[in-house]
Amino acid sequence: MSKAHIGESIPRREDIRFITGKGRYTDDVTLPDQSYAVFLRSPVAHAKLIGLKTSSAIGMPGVRAVYTAADYEASGLGTLMCGWMIHSKDGSEMRTGVHPPLASGRLRYVGEPVAVVIADSKQMARDAAELIDIDYEDLPAVTDLTQADSPDAEQIHDDVPGNVAYDWELGNKDAAETAFADAAHTVSINLTNNRLAPVAMEPRALNAMYDQRDDRYTLYITSQNPHGLRMTLAAVIGLAPEHKLRVISEDVGGGFGSKAFNYSEEVICTWASRLLGRPIKWTADRSEAFLTDAHGRDQRVSAELALNADGRITGLKASITANMGAYLSTFGSLIPTYMCAPLLSGQYDIPAIYCEVKSVFTNSTPVDAYRGAGRPEAAYIIERLVDLAARKLGMDRAAFRRQNFITAFPHQTPVLSQYESGDYGAALDKALEIIEYDDFESRRLEAKSRGRLRGIGLATWIEAAGIGPSKKLGELGSGAGLWESAQVRVNPTGSVEVMTGSHSHGQGHETTFAQLVADRFGISIDDVEIVHGDTDKVQFGMGTFGSRSGPVGMSALAMGCDKIIEKGKRIAAYNMDVAADEVEFEDGEFFSPGSNTRMAFAEVALASYTAMSFPTDELEPGLKSDAFFDPPDFTFPAGCHICEVEIDPDTGVTDIVDFVAVDDFGTVINPMIVHGQMHGGIAQGIGQALLENVSYDEDGQLLSGSFMDYCMPRADDLPSFETEFSNTPTPNNPLGIKGCGEAGAIGSPCAVISAISDALDIDHIDMPATPMRVWSEIQGRSA
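These lines cover the structure that appears in this document, whether it is placed above or below.

Cut-off values and rules
- Residues numbered from 1 in each chain as written.
- Predicted model: local features only at pLDDT ≥ 70, side-chain atom pairs only at ≥ 80, totals over all residues.
- Heavy atoms only, no water.
- Salt bridge = Lys/Arg side-chain N within 4 Å of Asp/Glu carboxyl O.
- Helix = DSSP H or I, 4+ residues; strand = E, 2+ residues; numbered from the N terminus.
- Buried < 20%, exposed > 50% of the residue type's maximum accessible area, 1.4 Å probe, protein only.
- 1 Å grid on protein atoms, 1.4 Å probe; cavity = no way out; pocket = protein on both sides within 12 Å on 5 of 7 lines; lining within 4 Å.
- Points joined across faces, edges and corners; volume = space filled by probe spheres on them.
- Nonpolar A, V, L, I, M, F, W, Y, C, P; charged D, E, K, R; others polar.
- Core = buried A, V, L, I, M, F, W, Y, C linked by side-chain atoms within 4.5 Å.
- Contact = heavy atoms within 4.5 Å.
- Axes fitted to C-alpha atoms, helices over the stretch in contact; angles between N-to-C directions.
- Parallel < 35°, antiparallel > 145°, perpendicular 65-115°, else oblique.
- Left-handed = near helix turned anticlockwise from the far one by under 90°.
- Expected span 1.5 Å × (residues − 1).
- Phe/Tyr/Trp six-rings, centres within 6.5 Å; stacked < 30°, edge-to-face > 60°.
- Lys NZ or Arg CZ within 6 Å of the ring centre and 35° of its normal.
- Pairing = 2+ DSSP bridges.

## Some remarks on the pattern of salt bridges
Side chains carrying opposite charge are able to pair once their charged atoms draw close together. Counted under the stated rule, the structure contains 55 salt bridges. Residues Arg64 and Asp120 are paired through a salt bridge, measuring 2.8 Å at the closest nitrogen-oxygen approach. One end of the pair, Arg64, is in strand E3 (residues 63–68); the other, Asp120, is in the loop between strand E5 (113–119) and helix H4 (122–129), and 56 residues separate them in sequence. Classification of Arg64 by relative accessible area gives partly exposed; the value is 41%. Take Asp120: its relative accessible area is 30%, and that puts it in the partly exposed class. Across the pair Arg204 and Asp293 runs a salt bridge, and its minimum N-O distance is 2.7 Å. With Arg204 in the loop between strand E8 (185–193) and strand E9 (205–211) and Asp293 in the loop between helix H8 (286–292) and strand E13 (299–307), this pair connects stretches of sequence that are 89 residues apart. With respect to class, Arg204 is no different from Asp293; both count as buried. Here the salt bridges share partners, and the residues they tie into one network are Arg443, Glu446, Arg450, Arg452, Arg454, Glu644, Glu646, Asp648 and Asp655.

## A word on the layout of surface pockets
As a volume, the second largest pocket reaches approximately 680 Å³. For the second largest pocket, the lining is made up of 43 residues, of which Met81, Thr232, Phe261, Asn262 and Thr330 are closest to its centre. Where the lining of the second largest pocket is concerned, the elements lending two or more residues are E9, helix H6 (226–237) and helix H7 (264–276). Per-element tally for the lining of the second largest pocket: the top contributor is H6, with 5 residues. Looking at side-chain class alone, the lining of the second largest pocket contains 24 nonpolar, 14 polar and 5 charged residues.

## Quick look at the nonpolar core
With 127 residues, the main nonpolar core has Leu316, Leu344, Phe659, Phe665, Val752 and Ile756 as its most contacted residues. Apart from the residues lying within four places of it in its own chain, the contact partners of Val752 are Cys643, Ile656, Phe659, Ile686, Ala689 and Leu690. In this structure, Ile525, Val528, Ala558 and Ile737 belong to the second largest nonpolar core, which totals 44 residues.

## So, the packing of helix H9 (residues 375–393) against helix H18 (residues 743–760)
At a closest axis distance of 8 Å, the pairing of H9 and H18 adopts a crossing angle of 30°. Relative to H18, the element H9 is oriented roughly parallel. Here the hand of the crossing between H9 and H18 comes out right-handed. When H9 is examined against H18, the residues Arg375, Pro376, Ala379, Tyr380, Glu383, Arg384 and Asp387 are found in contact with a partner set consisting of Ala745, Ile746, Pro749, Cys750, Ile753, Ser754 and Ser757. Among the residues making up the contact of H9 with H18, the classes are represented as 8 nonpolar, 2 polar and 4 charged.

## Considerations on H6
Each turn of an α-helix holds 3.6 residues, which means side chains three or four residues apart point in the same direction. Across its 12 residues, H6 extends 15 Å between first and last C-alpha, which sits within 8% of the 16 Å expected from 1.5 Å per residue. Counting buried positions over the 12 residues of H6 gives 9, a clear majority of the element. All buried positions along H6 are accounted for by Pro226, His227, Gly228, Leu229, Arg230, Thr232, Leu233, Ala234 and Ile237. Taken together, the buried residues of H6 touch helix H3 (69–75), strand E10 (216–221), strand E11 (245–248) and H7. With its phi angle positive at about 85°, Gly238 sits one or two positions after the end of H6.

## Things to note about the packing of aromatic side chains
Tallied over the entire structure, the rule returns 24 aromatic pairs. Between the aromatic rings of Tyr210 and Tyr217, the centroid separation amounts to 5.0 Å while the plane-to-plane angle is 50°, which identifies the pairing as tilted. In this structure, Tyr210 and Tyr217 share a single accessibility class: buried. Clustering of aromatic rings is evident, with ring pairs tying together Phe261, Tyr263, Phe331 and Phe545. One residue, Arg204, lies across the ring of Tyr263, its end atom 3.6 Å from the ring centre. In this structure, Arg598 is placed above the aromatic ring of Phe591, and the distance from its NZ or CZ to the ring centre is 4.5 Å.

## Description of the sheet that holds strand E23 (residues 589–591)
The strand order across the open sheet formed by 3 strands is E22-E23-E24, and the pairing between neighbours is antiparallel. At either end of the open sheet lies a strand with only one pairing partner, and these are strand E22 (584–586) and strand E24 (598–600). This sheet shows a mean twist of 25° between the axes of neighbouring strands, independent of strand direction. In terms of strand pairing, E23 meets E24 through 3 bridges, oriented antiparallel. Across the sheet, the residue bridging to Phe590 is Met599, located in E24. Its contacts with the sheet put helix H15 (residues 549–576) on E22, E23 and E24, and the angle it makes with E23 is roughly 50°.

## What about the packing of helix H17 (residues 671–690) against H18?
H18 packs onto H17 with a crossing angle of 45° between their chain directions and a minimal axis gap of 7 Å. Viewed along their axes, H17 and H18 adopt a mutual orientation that is oblique. Of the two possible hands of crossing, H17 and H18 adopt the one that is right-handed. Every residue of H18 that contacts H17 at Met678, Gly681, Ile682, Gly685, Ile686, Gln688, Ala689 and Leu690 is listed here: Gly744, Ala745, Ser748, Pro749, Val752, Ile753 and Ile756.

Quick look at the structure:
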């Protein structure tokens, strides 16, 4: 009997090459006649670009070319575009501005690419770039998010009055106003969701080559979505027809959303490779990454909650101002709107919700999806309000949450989302038990005896994952369908190759996808190979983001495996001389109650290729399937996170002494990998809550452009997390998978800030709750 693989914590197969230095990353690729690109970047946040003096750079040793916006514009190619149309309250389309790959006429943020130098070495290119003179006329920089749309603010794009990209709304405003008018209690809060840098371990990199013989481009790149990038380069930029573009993205050292977007560098280097007739490599250094990788979050929020006399939530209102940066990035318009507002109900039964979002341009790096992408922002709003409401009513925070939970499914919220399944009370109870919530006050007293302030914080969370229902997303403004594909190829000896449109950049697909196939076919996991990230090998797919690899990608794979089994039954039926509907498949064998013959999976595979046992005019030889899965709706993972902290009142330093996460991910393929995803997400969420913050000065200069200024969480900042499951399968895909990749980053910031607020006995403290901010709060209270 074959071994079942689903639900087993099988070690990651890909880790062997990673930890032995045998990974195939983009910067590992060096091509014949390789040249290197260095981008000259804007030194100022806002200015009129008068001209560039490039003659000194062109004359430098080893320099092959210097290209500017004038060269690119002469090619007639297109500009970068946002892929999601949002309409304002009045029905008008959002105002996008023009996003040239190289700055043209105006400099709009520090780090914007202005020119590119291509030379025989990176150092030669860097030396030459330093000799280019930028002639510019300073303009006032727009840096204050709350003042960006004020009448006296400098206009960043000529065709975007008031710097407002759109002014959008969702929900029933009248119903929400009625709920507040009738409320026995209301609470309100002003929140900041701090700007974050993605800082993946591997910086963005590319290597672009044009083959004159085949009139074809090949682009090696750190991308989460190779096919999407190819489509953009073809359809939007106009470089070449898609079949003349090959995008290869093999091993990628982390993405967190930042490698799912379209950037200037890939456009310019691919275009220039044809002009130059040489491959062009570009690898960002860490300073470039801080300046140019799309940032995350950056919202200012005013929110209110209405309650009846029994402490039931009756309404919610939220007003969000979202920073888009200088340009609308690929998904920038989507994040504060349809990825945030539809989750404002949280896990609570709220009859009336209204949200308005104003997205504004500022002279800063563009803002787009960062792990969680809108869902952490929504969770932060509702969870801070819920804590505040419980505090005002004098209720235990867990009891207040429990009495307001949704308990019947499916549940239609007032803001589009229909939650399909869940048991929120079970996750809460399990988390409370693990952290020994009932004994917390004794721990608080013990800490007080040592001069420490101890607090405990709760946060429930929910997200829309499995990003994929194409029709629904099209109605909401998407420029592309978000189904997923899989191709399953069974070789004559019974081994299997899988081509998946999903993309792995740390999630462990080579293990989990192989587990699914091995389990379906009853074969060894060693007989399964997973191929991704090459547009010449893999049929069109939509890549990985939004926790969609399991719910959408693996569902397509499961459907492809089922097609193989069904064809295998027909082949086995001819060999057994029985009807196809009499053949069953189990534990790697085809069999029929009407025959004594049993055929192993590999035997049927061989029979499919020898094609001697069945009429080929009725059944094609070979054993291969293509499958596409477009889910009927999102999935809605959820959970409960509880954080316990101690604060040193003399220094403001916060120590996280315990952290418990109990999450509902539906079906779990590999628990070890999912726990790892939880750990990573929690670490990033704690980083946002305590440490991380992208900041600019009043002139738009980045103040947090290195690890000296941007504080990432380190091992000694984190406890050993306690992570558990409380799963309810989803009916929205054939595997029951809900998705897990973003959970930790959604629930943990709320839990940490809740715990700190509890320790300080205050309503709220903004993120990041740095030692200085916490200490200042303590000093202000004691003054």
